[in-house]
Amino acid sequence: LCINYANEKLQQKFTLDIFRSVQSEYEFEGIELGEVNFADNSDVLDLIEGRMGLINVLNEECIRPKGNDIAFVTKIYTMNKDNEATCLIQDKFYRDYEFGLKHYAGPVTYDSTGFVTKNMDNLPSDLSDCAKKSTNELLSKEVGYADSED
């Protein structure tokens, strides 16, 4: 999911940069440019990184005492059931822990097994120790505060 998310962000940046630069160049040269249609992947990015997107739902599931992968998938389907233009694929043949997304490069089916567990990884102790010793006051306090909560 993270790799495809990064690809979506890169695709969006590339598309916007290319079309903006071409439009600017045409305007500068005085060349009339008709309407240019291009694929817009903002719906996928909104689903992944939006206020109630996959990342936030996953983070929420990680802090729940009995959060799990199936509950994560159930929530993303529930939260997007009324969204007609969604890029979330709902397939009756998917298992409880599977979901799909329509990426710009094509549809992808995800197996969420381990998503919640992997997202709860702790910061390695050597990095935590290094951050606590940092001269950056915010960093040293936040890492120290997070350690005291454990």
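All of the points below concern the structure found in this document. (Residues numbered from 1 in each chain as written. Predicted model: local features only at pLDDT ≥ 70, side-chain atom pairs only at ≥ 80, totals over all residues. Heavy atoms only, no water.)

## Observations regarding helix α4 (residues 69-79)
The α-helix winds at 3.6 residues per turn, so residues separated by three or four positions along the chain end up facing the same way. All of the buried residues in α4 are Asp 69, Ala 71, Phe 72, Val 73, Ile 76 and Tyr 77. Those residues of α4 hidden inside the fold are in contact with α3 (54-63), β1 (88-89), β2 (98-103) and α5 (115-119). Capping of α4 at its N-terminal end is provided by Asn 68; its side-chain oxygen lies 3.1 Å from the backbone amide nitrogen of Ile 70. (Buried < 20%, exposed > 50% of the residue type's maximum accessible area, 1.4 Å probe, protein only. Helix = DSSP H or I, 4+ residues; strand = E, 2+ residues; numbered from the N terminus. Contact = heavy atoms within 4.5 Å. Polar contact = N/O pair within 3.5 Å; in protein donor to acceptor, adjacent residues only side chain to side chain.)

## Details of the packing of helix α1 (residues 2-29) against helix α2 (residues 42-49)
At a minimum axis distance of 10 Å, the contact between α1 and α2 shows a crossing angle of 140°. When the axes of α1 and α2 are compared, the pair comes out oblique. When you trace α1 past α2, the crossing you get is left-handed. Residues Tyr 5, Glu 8, Lys 9 and Gln 12 of α1 form the contact with α2, whose participating residues are Ser 42, Val 44, Leu 45, Ile 48 and Glu 49. Residues of the contact of α1 with α2, tallied by class, amount to four nonpolar, two polar and three charged. (Axes fitted to C-alpha atoms, helices over the stretch in contact; angles between N-to-C directions. Parallel < 35°, antiparallel > 145°, perpendicular 65-115°, else oblique. Left-handed = near helix turned anticlockwise from the far one by under 90°. Nonpolar A, V, L, I, M, F, W, Y, C, P; charged D, E, K, R; others polar.)

## Here's the deal with α1
Between its first and last C-alpha atoms α1 spans 40 Å; for 28 residues at 1.5 Å apiece the expected length is 40 Å, and the two agree. At the exit of α1 stands Gly 30, carrying a positive phi of roughly 75°. (Expected span 1.5 Å × (residues − 1).)

## Considering the pairing of β2
Regular strands place side chains that alternate from one sheet face to the opposite one. Counting buried positions along β2 gives five out of six residues, so the element sits mostly inside the fold. Sheet topology note: the β1/β2 ladder contains two bridges and is antiparallel. If you follow Ile 89 over to β2, its bridge partner there is Gly 100. The pairing of β2 with strand β3 (residues 106-111) spans six bridges and is antiparallel. What sits directly across from Leu 101, in β3, is Val 108. Remark: two residues form the turn of the hairpin made by β2 and β3, two consecutive strands paired antiparallel. (Pairing = 2+ DSSP bridges.)

## Description of the packing of aromatic side chains
The tally for this structure, following the rule as stated, stands at four aromatic pairs. Ring centres of Phe 72 and Phe 115 lie 6.0 Å apart, and the angle between their planes is 45°; this geometry places the pair in the tilted category. With Phe 72 in helix α4 and Phe 115 in helix α5, this residue pair connects regions lying 43 residues apart in the sequence. Given a relative accessible area of 0%, Phe 72 falls into the buried group. Under the relative-accessibility criterion, Phe 115 is labelled buried at 16%. Relative to Phe 115, the ring of Phe 99 lies with its centre 6.2 Å away and its plane at 85°, an arrangement referred to as edge-to-face. Residue Phe 99 is found in strand β2, and its partner Phe 115 is found in helix α5; the two are separated by 16 residues along the sequence. (Phe/Tyr/Trp six-rings, centres within 6.5 Å; stacked < 30°, edge-to-face > 60°.)

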